[in-house]
Amino acid sequence: MDRIHSINPERIAWCCADFGITVEQLAIENAIPAANLERVLSQDDGSGLTFKQLSKIAAYFGRGVLFFLEQGALHFEQVHTPAFRTLANQKPELSAKLKLFIERVEQQRDVFLSLREEMSSDDLPRFEYPAFAAEDIATSAHLARKWLGLAAHNSFDTYRAAIEKKGILVFRSNGYNGKWQIASESPIQGFTLYEENCPVIVVRKMRTEARQTFTLAHELGHLLLHRASAIDDASDLLSQHGIEHEANAFAGHFLVPHEFLQQILDDARPDSAASFDAWLQPQCQAWGISAEVILRRLMDSGRLPQKQYAAYRAWRESLPAPDADRAARIYRHREPKHIFGETFVRAVLDALNGRRISLSKASSYLDGLKLNDLNALEKHYAGL
């Protein structure tokens, strides 16, 4: 079998270092004899890989085959964007899969920007930072709600739609194994990719939409308050320090503004922390949030003793984890909207209908939808 001998060994070595793996691990992961890879890296005479082997390596690192055939050394700054580097600096222990996930998000944003420019469509929103510059976080959160035009009752979907209308892409990982899933063992809850013309917020899919909503509000806080990329794990969403505390405070005031908090009757508060969920259930349902967000706001405003909030947290943590979600993918055609949001999906479908992209391009942009599912998605948007 013919072998490719013009492989750039420095690029394979660079990718291994970037992913934090050894050449031996790379060989095992891709079922390639380790001796073959070692010979390629040492540039032994006659060394090389088959096209299939090189394709496996390229796919593993999320790069094209040509990337490993081009000559010249690489540096971290040449390959990764400033936003990516910011996230990597904040969380140096990022897994290889999560790094690839972030790169795919950036690639999707580039796709959207390209489609938006090519179509010159007024229907595709363009981001502009709001004009307000509040001195305190509570006022910033209040003005952000006004800027988004939020109603009194909301859910994750309505918050997401309002944010997308302002030119911010909102992606959500899916719950199925694949390239758009954040691995179950990863602690990452969400991240923000700063970009002046089209920022992206990514929220991890969780078992309750209320938790997703808080992550979305937290990342919006980073975007509006700090104008910077950020990546957050579970501990960041509870932090009492630095910019994470500011983003948490923003999320609390954004989701439960003062006028909402006034609707909570302290006299009706039960004695048992285990009854707090039932007590706050009407507000949680109306505002699309968890009881913990409301309780945290009550505690921060001096209306709930810290020991009662701690008791509630301890009770929640004592509950057994819910069973894994094993729902069948019977609505495959709707998944791109759940992952990439209304704005992105409409941009792709408009480009397809305007014959600016091919079916294969549309499929690749929409999580590899097959033709039947792509047709079903178009009918869904057409209301058929």
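To be clear, the structure that these remarks concern was listed above.
Worth saying up front: this structure is predicted, and the values here are computed from it rather than measured.

Colleague: Before we go on, may I ask you to explain unusual backbone geometry in this structure?
Modeller: Glycine aside, negative phi is the norm for most residues, and most peptide bonds take the trans geometry. For Ala-31, which is not glycine, the phi torsion reads 55° and is therefore positive. Locating Ala-31 in the fold gives a position in the loop between α2 (23-29) and α3 (34-42). With phi around 65°, Asp-367 is a residue other than glycine that occupies positive phi space. Overall, the relative accessible area of 12% leaves Asp-367 in the buried class.

Colleague: Even after reading the chapter, I still don't get the pattern of salt bridges, so can you show me in this structure?
Modeller: It is possible for side chains of opposite charge to pair when their charged atoms get near one another. Tallied over the entire structure, the rule returns 18 salt bridges. One salt bridge connects Glu-70 with Arg-11, and the closest N-O pair in it is separated by 3.2 Å. Note that Glu-70 is positioned in the loop between α4 (51-61) and α5 (76-79) and Arg-11 in helix α1 (residues 9-19), a separation of 59 residues in sequence. Residue class for Arg-11 comes out buried when judged on its relative accessible area of 6%.

Colleague: Hey, could you run me through the packing of aromatic side chains in this one?
Modeller: Aromatic ring pairs are defined here through the distance separating the ring centres and the angle between the ring planes. According to the stated counting rule, one finds 19 aromatic pairs in the structure shown. Relative to Phe-191, the ring of Phe-101 has its centre 6.2 Å away and its plane inclined at 85°; by these criteria the two rings are edge-to-face. In this pair, Phe-101 is assigned in helix α7 (residues 96-119) and Phe-191 in strand β2 (residues 188-193), connecting sequence segments 90 residues apart. Classification of Phe-101 as buried rests on a relative accessible area of 2%. The buried category is assigned to Phe-191, whose relative accessible area is 0%. The interplanar angle of 50° and the centroid separation of 5.2 Å between the aromatic rings of Phe-340 and Phe-344 together place this pair among those described as tilted. Placement of the pair is Phe-340 and Phe-344 together in helix α16 (residues 335-353), with a separation of four residues, close to one helical turn. The class for Phe-344 is buried, based on a relative accessible area of 0%. Members of the aromatic cluster, joined through ring pairs, are Phe-101, Phe-171, Trp-180, Phe-191, Phe-340 and Phe-344. The ring of Phe-254 carries Arg-145 above its face, with NZ or CZ at 5.9 Å from the centroid.

Colleague: Sorry if this is basic, but what is going on with the sheet that holds β2 here?
Modeller: Strand order across the open sheet formed by four strands is β1-β3-β2-β4, with mixed pairing between neighbours. The outermost strands of the open sheet, each flanked by one partner alone, are β1 (169-172) and β4 (230-233). Between one strand axis and the next, the sheet turns through 10° on average, direction left out of account. Pairing of β1 with strand β3 (residues 200-203), which is carried by four bridges, proceeds in the parallel orientation. Residue pairing for β3: Leu-169 is matched across the bridge by Val-200.

Colleague: In this structure, what is going on with the pairing of β3? I would like to understand it.
Modeller: On a regular strand, each side chain points to the face opposite its neighbour's, so the side chains alternate between the two faces of the sheet. Burial along β3 is two-sided: Val-200 and Val-202 facing one way and Ile-201 and Val-203 facing the other are all buried. Note that β2 and β3 share four bridges and pair antiparallel. Paired with Leu-193 across the bridge in β3 is Val-200.

Colleague: Explain helix α15 (residues 306-318) to me, please; I cannot follow it from the model alone.
Modeller: An α-helical segment advances 3.6 residues per turn. Residues three or four places apart therefore align on the same side. Between its first and last C-alpha atoms α15 spans 18 Å; for 13 residues at 1.5 Å apiece the expected length is 18 Å, and the two agree. Restricting attention to buried positions, one finds in α15 the residues Gln-308, Tyr-309 and Tyr-312. Burial along α15 is one-sided: seen end-on, the buried residues are contained in an arc of 100°. The exposed residues of α15 that point more than 90 degrees off its buried face are Gln-306, Lys-307, Glu-317 and Ser-318. The elements touched by buried residues of α15 are α13 (276-287) and α14 (291-300).

Colleague: Teacher, can you tell me more about empty space enclosed by the protein here?
Modeller: A water-sized probe, rolled over the atoms, reveals where empty space remains. Per the counting criterion, the structure on display carries one cavity of 30 Å³ or more. The volume enclosed by the largest cavity comes to roughly 30 Å³. Around the largest cavity sit Tyr-159, Ile-163, Thr-213, Leu-216, Ala-217, Leu-220, Phe-254 and Leu-255, which together line it. Listed by contribution, the elements that provide at least two residues to the lining of the largest cavity are α9 (156-164), α10 (209-226) and α11 (242-255). The element best represented in the lining of the largest cavity is α10, accounting for four residues.

About the criteria used
- Residues numbered from 1 in each chain as written.
- Predicted model: local features only at pLDDT ≥ 70, side-chain atom pairs only at ≥ 80, totals over all residues.
- Heavy atoms only, no water.
- Helix = DSSP H or I, 4+ residues; strand = E, 2+ residues; numbered from the N terminus.
- Buried < 20%, exposed > 50% of the residue type's maximum accessible area, 1.4 Å probe, protein only.
- Salt bridge = Lys/Arg side-chain N within 4 Å of Asp/Glu carboxyl O.
- Phe/Tyr/Trp six-rings, centres within 6.5 Å; stacked < 30°, edge-to-face > 60°.
- Lys NZ or Arg CZ within 6 Å of the ring centre and 35° of its normal.
- Pairing = 2+ DSSP bridges.
- Axes fitted to C-alpha atoms, helices over the stretch in contact; angles between N-to-C directions.
- Expected span 1.5 Å × (residues − 1).
- Arc of directions from axis to C-beta.
- Contact = heavy atoms within 4.5 Å.
- 1 Å grid on protein atoms, 1.4 Å probe; cavity = no way out; pocket = protein on both sides within 12 Å on 5 of 7 lines; lining within 4 Å.
- Points joined across faces, edges and corners; volume = space filled by probe spheres on them.

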